[in-house]
Amino acid sequence: MGIDELYPPDRLIAAQRATAAAGLDALLLTPGSDLRYLTGYDAHAGERLTCLVLPAEGEPTLIVPRLERPAAEAAPNTGVRIVDHVDGSDPYPLVVAALDGPVAAVGLADRMWAEQVLGLRAALPDATQRLAGEVLRELRIRKSPAEVAALAEAGAAIDEVHLRMGEWLRPGRTEAEVGTDIAAAIRAAGHVSVDFVIVAAGPNGASPHHGTSDRPIGVGEPVVVDIGGTMPSGYRSDCTRTYLVGGPAPADFLDYYAVLRDAQRAAVEAVRPGITGAAADAAAREPIVAAGYGPAFLHRTGHGIGLDGHEEPYLVAGNDRALEAGMAFSIEPGIYLAGRHGARIEDIVVCTTDGVQRLNTTPTELIAL
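Not measured: the values here are computed from a predicted model.

Some remarks on unusual backbone geometry
Excluding glycine, most residues fall at negative phi; most peptide bonds, likewise, are trans. Residue Pro313 is bonded to the preceding Glu312 through a cis peptide linkage, with omega at 0°. The backbone of Asp252 shows a phi angle near 70°, a positive value even though the residue is not glycine. Along the chain, Asp252 turns up in the loop between β9 (239–245) and α10 (253–270).

Right, dumping it as structure tokens:
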């Protein structure tokens with residue numbers, strides 16, 4: 001998987017065509033996944049303006065702080081004109097100049113800082129501001145073979161960490177102590193950054209986004225471990241497994257874990273082109289509801305993943321968009337019993353032309369340590 005395959009130069013051309021088709025005169029992209037998707041540049045987000053000016057027609061321009069110009073020039077696909085600005089100067093006139101004429105509507109990076117949104121509004125008072133995601137979502141939602149390979153590499157790396165969980169999960173250790181070990185292992189497995197570490201033992205397992213705490217892990221407690229990071233490619237990992245530590249399971253936990261595992265497997269097996277995000281969600285939800293745990297499944301079944309940890313498509317009730325080959329997303333049903341314990345099983349999968357490919361391959365059975 002070469003970097004040219006992951007960040008091909010023709011993405012800029014495709015984005016310009018899509019910009020014109022959307023009725024926009026240009027996209028204005030500050031640091032984030034959209035900028036990286038088009039150029040390969042993992043730009044620093046700060047108070048100094050970095051902005052890719054991508055007109056529907058004409059030459060793209062990347063505006064950067066002068067001190068960051070070397071990093072911009074070294075990026076894989078910044079084969080665009082680079083203009084820099086020095087500290088103390090106003091960079092917004094450079095955006096206007098790069099547009100080379102009046103514009104009626106521009107698309108702004110979806111997660112642009114508010115001060116930059118307002119700065120661009122002042123510099124382009126006659127231009128309607130819309131979201132660049134209207135354009136770029138459709139380009140990013142279907143992954144290329146190189147992107148799938150990058151996600152598979154990320155999946156294999158996070159699987160390595162889960163396979164080592166027996167080294168760290170022991171009664172008496174705190175969630176935070178275990179989390180520190182896991183974070184180091186995520187980096188050791190090849191990630192350049194740790195995006196999140198959830199170690200949720202006993203009653204904390206009933207909070208889907210718990211994090212870690214100074215609470216010691218008790219004997220026989222279920223522990224939900226949800227971890228992920230970013231690889232050098234920019235693509236992300238995300239995988240959850242539930243463990244049983246040091247003793248017999250609490251009453252009814254084994255019963256609902258079996259329900260959860262069947263539900264997760266059913267949702268994975270349901271994935272194919274043409275099924276909707278809502279139908280995939282239902283495939284996981286229906287067995288859980290039938291077993292009487294419906295209110296304990298608190299969240300959607302899945303989210304897309306790529307250069308962002310959460311992106312389109314979303315597997316959730318009401319999403320009637322059909323899945324297509326190349327779409328990558330999580331399948332992660334959970335059951336959470338408030339004040340007692342919880343469980344979640346999560347794999348990243350890719351919709352293929354004839355079904356589904358799991359990118360996380362460790363077992364989904366309850367693992368007793």
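Digging into the state of the cysteines
Using the criterion set out here, one finds 0 disulfides in the structure. Take Cys351: it sits in no disulfide, and the sulfur closest to it among the cysteines is that of Cys239, at 20 Å. We classify Cys351 as buried; its relative accessible area is 1%.

Here's the deal with the packing of aromatic side chains
The relation between two aromatic rings is expressed through the spacing of the ring centres and the mutual angle of the planes. Applying the stated criterion across every chain, the model contains 3 aromatic pairs. Seen in terms of ring centroids, Phe253 and Tyr257 are 6.0 Å apart; in terms of plane orientation they differ by 35°. Their pairing is tilted. Of this pair, Phe253 and Tyr257 are both found in helix α10, 4 residues apart, which corresponds to roughly one turn of the helix. Ring centres of Tyr256 and Tyr293 lie 5.5 Å apart, and the angle between their planes is 55°; on these two criteria the pair is classed as tilted. Residue Tyr256 is found in helix α10, and its partner Tyr293 is found in the loop between α11 (277–290) and β10 (302–304); the two are separated by 37 residues along the sequence. Owing to a relative accessible area of 0%, Tyr256 belongs among the buried residues under this scheme. Cluster of aromatic residues (ring-pair linked, three or more members): Phe253, Tyr256, Tyr257 and Tyr293. Seen from the ring of Tyr37, Arg11 lies directly overhead, with NZ or CZ sitting 3.8 Å from the centre. A cation over an aromatic ring shows up here: Arg285 above the ring of Phe297, its NZ or CZ 3.8 Å from the ring centre.

Some details on the sheet that holds β9
Strand order in the open sheet formed by 4 strands is β7-β8-β9-β17, with mixed pairing between adjacent strands. Either end of the sheet is taken by a strand with one partner, and the two such strands are β7 (193–201) and β17 (367–368). Where β9 and β17 come together, 2 bridges link them in parallel fashion. Bridge pairing in β17 places Leu244 opposite Ala368. Set on the sheet, helix α9 (residues 175–188) makes contact with β7 and β8 (221–230); between it and β7 the angle comes to about 150°.

Notes on the environment of Ala258
Structurally, Ala258 can be placed in helix α10. Of the residues examined, Ala258 reaches a relative accessible area of 39% and is grouped as partly exposed. Expressed as a C-alpha distance, the spacing of Ala258 and Leu366, which sit 108 residues apart in the sequence, is 8.6 Å.

Comments concerning the environment of Ala127
With respect to the element layout, Ala127 can be found in the loop between α6 (114–123) and β6 (128–131). Residues Ala127 and Ile275, spaced 148 residues apart in sequence, show a C-alpha to C-alpha distance of 39 Å. Beyond its immediate chain neighbours, meaning those up to four positions away, Ala127 contacts Val103, Ala104 and Ala105.

Focus on the sheet that holds strand β4 (residues 81–85)
Judged by pairing direction, the sheet is mixed, and its 6 strands sit side by side in the order β4-β3-β2-β1-β5-β6 without closing on themselves. Two strands in the sheet have a free side with no partner beyond their single neighbour: β4 and β6. Geometrically, the sheet is characterised by an average inter-axis angle of 25° between neighbouring strands, direction not taken into account. Relative to strand β3 (residues 61–65), strand β2 (residues 51–55) is paired through 3 bridges, and the arrangement is antiparallel. What sits directly across from Cys51, in β3, is Ile63. In this fold α6 packs onto β1 (26–29), β5 (105–108) and β6, with an angle of close to 145° to the strand it touches most, β6. Lying over the sheet, helix α7 (residues 133–140) contacts β1 and β6, oriented at roughly 25° with respect to β6.

Parameters at a glance
Counting from 1, residues in each chain are numbered in the order their sequence is written. Local features in this predicted model are restricted to residues of pLDDT 70 or higher, and side-chain atom pairs are both shown and tallied only at a pLDDT of 80 or more, whereas totals for entire chains, interfaces and linings draw on every residue. Computation of side-chain values covers all heavy atoms of the structure but excludes hydrogens and water. By definition, any uninterrupted DSSP run of H or I lasting at least four residues is a helix, any uninterrupted run of E lasting at least two residues is a strand, and each is numbered from the N terminus. Disulfide assignment relies on a single distance test, namely cysteine sulfur atoms paired within 2.5 Å. Exposure is judged per residue with a 1.4 Å probe applied to protein chains only, and the accessible area is read against the type maximum: over 50% gives exposed, under 20% gives buried, and values in between give partly exposed. Each pair of aromatic rings taken from Phe, Tyr and Trp, with Trp reduced to its six-membered ring, is defined by centres within 6.5 Å and is described as stacked if the planes are under 30 degrees apart, edge-to-face if over 60, and tilted in the remaining cases. Working rule: Lys NZ or Arg CZ, within 6 Å of ring centre, within 35 degrees of ring normal, means a charge sits over the ring. Strand pairing requires that DSSP identify at least two bridges connecting the strands. In what follows, residue pairs with any heavy atoms lying within 4.5 Å of each other are defined as contacts. To define axes, lines are fitted to C-alpha atoms, for helices over the stretch in contact only, and angles between the resulting N-to-C directions are given on a 0 to 180 degree scale.

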